[in-house]
Amino acid sequence: MANIQAMCTSFKVELLTGTHAFGTAPTRATTAADSFKAALFLTSATINATTTVYNSTGEVSGTNYTAGGISTGAFNAPTSTSTTAFTQPTASLTFGSSGSPLTLSTAFDCVLIYNSSQGNKAVSVHTFSSQTITAGVFTLTLPTNDSTNALLRIA
Amino acid sequence: MITTTKGLMDEALLKKREGVIDNDDEYIAWVEYWHDNELVHRSAHVILKKMPSMGGSIASF
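A quick note: this is a predicted structure, and the numbers were derived from the prediction, not measured. (Residues numbered from 1 in each chain as written. Chains lettered and ligands numbered in written order. Predicted model: local features only at pLDDT ≥ 70, side-chain atom pairs only at ≥ 80, totals over all residues.)

A. View of the overall build of chain B. Counting its regular elements, chain B contains zero helices and five strands. Secondary structure elements in chain B, listed N-terminal to C-terminal, are β-β-β-β-β. Since a compact globule built from 61 residues should have a radius of gyration of about 10 Å, the 20 Å found for chain B marks it as more spread out than a globular shape. Taking the principal axes of its C-alpha atoms as reference, chain B extends roughly 70 × 20 × 15 Å. Here chain B holds 61 residues, and the buried ones make up 20% of them. Restricting the contact set of chain B to residue pairs at least 6 apart, pairs at least 24 apart contribute 26%. (Helix = DSSP H or I, 4+ residues; strand = E, 2+ residues; numbered from the N terminus. Rg over C-alpha atoms; globule rule 2.2 N^0.38 Å. Buried ≥ 20, exposed ≤ 12 C-beta atoms within 10 Å, placed from the backbone. Contact = placed C-beta atoms within 7 Å.)

B. A look at the environment of T90 of chain A. Within the element layout of this structure, T90 of chain A appears in the loop between β4 (84-87) and β5 (93-95). Separated by 19 residues in sequence, T90 of chain A and D109 of chain A place their C-alpha atoms 22 Å apart.

C. Highlighting the interface of chain B and chain A. Contacts between the two partners involve 25 residues from chain B and, on the opposite side, 27 residues from chain A. At the level of secondary structure, the elements contributing two or more residues to the side of chain B that touches chain A comprise β1 (2-4), β4 (26-35) and β5 (38-48) of chain B. Counting residues per element, the side of chain B that touches chain A draws most heavily on β5 of chain B, which supplies 10 residues. Of the residues assigned to the side of chain B that touches chain A, the class counts are 11 nonpolar, 10 polar and four charged. Of the strand pairs in this sheet, strand β8 (residues 138-141) of chain A and β5 of chain B are connected by four bridges, and their pairing is parallel. By the bridge assignment for β5 of chain B, T141 of chain A is matched with I47 of chain B. (Nonpolar A, V, L, I, M, F, W, Y, C, P; charged D, E, K, R; others polar. Pairing = 2+ DSSP bridges.)

D. Expanded view of the nonpolar core. Ranked by size, the top nonpolar core spans 33 residues in total, and within it A39, L40, F41, L102, C110, V111 and L112 of chain A carry the most contacts. Listed by contribution, the elements that provide at least two residues to this core are β1 (36-42), β4, β5, β6 (102-115), β8 and β9 (152-154) of chain A together with β5 of chain B. (Core = buried A, V, L, I, M, F, W, Y, C linked by C-beta atoms within 7 Å.)

E. Local environment of the pairing of strand β3 (residues 15-22) of chain B. Residues and elements named next belong to chain B. In terms of burial, β3 is largely open, as just zero of its eight residues are buried. Sheet analysis places β3 next to β4, joined by eight bridges and oriented antiparallel. Pairing of E18 across the sheet is with V31, part of β4.

F. Summary view of the pairing of β5 of chain B. All names here are of chain B. Where β4 lies against β5, 10 bridges are found, and the strand directions are antiparallel. Each residue of the ladder has a partner; that of A29, found in β5, is H45. The hairpin turn running from β4 into β5, its antiparallel successor, is two residues long, and D36 in that turn takes a positive phi close to 50°.

G. Here's a closer look at the environment of F138 of chain A. Mapped onto the secondary structure, F138 of chain A falls in strand β8. In this structure, the C-alpha to C-alpha distance between F138 of chain A and E14 of chain A, residues 124 residues apart in sequence, is 33 Å. Ignoring anything within four residues of it in the chain, the contact list for F138 of chain A reads F95, G96, L102, Q131 and I133 of chain A together with S43 and A44 of chain B.

H. Spotlight on unusual backbone geometry. All names here are of chain B. If you check the backbone angles, D36 has positive phi at about 50° while not being a glycine. Relative to the assigned elements, D36 resides in the loop between β4 and β5. Taking the C-beta count within 10 Å as the criterion, D36 has 8 such neighbours and is therefore assigned exposed.

I. How the structure looks around the sheet that holds strand β3 (residues 79-81) of chain A. Residues and elements named next belong to chain A. Read from one edge to the other, the open sheet built from three strands follows the order β3-β4-β9, with strand pairing classed as antiparallel. The strands lining the two open edges of the sheet, one partner per strand, are β3 and β9. Between one strand axis and the next, the sheet turns through 30° on average, direction left out of account. One ladder, built from three bridges, connects β4 with β9; its direction is antiparallel. (Axes fitted to C-alpha atoms, helices over the stretch in contact; angles between N-to-C directions.)

If you want it as structure tokens, here you go:
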């Protein structure tokens, strides 16, 4: 046997469940998972690693798009494979529908995932090739929920 | 029937254009419908393939 220094994999998973607090933590009224939302941003916006909270500046606007975006729905229970913890929403993110078609005339290329239960604090930024939507639907299908592809991974 | 800026329209009346962007990070399929040289419908489906991970590190004493 030998001792090997490491960041414990269980700790990485527990970061995703809010188990540890090294600083002052928000008071939680429940042990349930927080609610998260996804908002789309224009190519001209400045959303990146320094983004701390959702703000409508630079967000898309158009028919059948509500500022703040859509709920992501539930996330998969955080887990780990090897030494990587990971999670992501359980379902694709769909903006608009055939009954409520979306029109976003100005190009956008970014989705911000944020925590609507905790003051809209930012979680992650994901970019893609710029798009516009005309009386249609915009769907974001997530990668495979595993240690090498999931939307949120702590390696 | 296709949802358009002019309401539901018969697909037969429209000109359809499709395209794909496929690279290491994403696969995007889009479809457009045109009527008299006017874009009346555009939808896009983005498949995110892989996101960068958040790295963790620790220090030695």
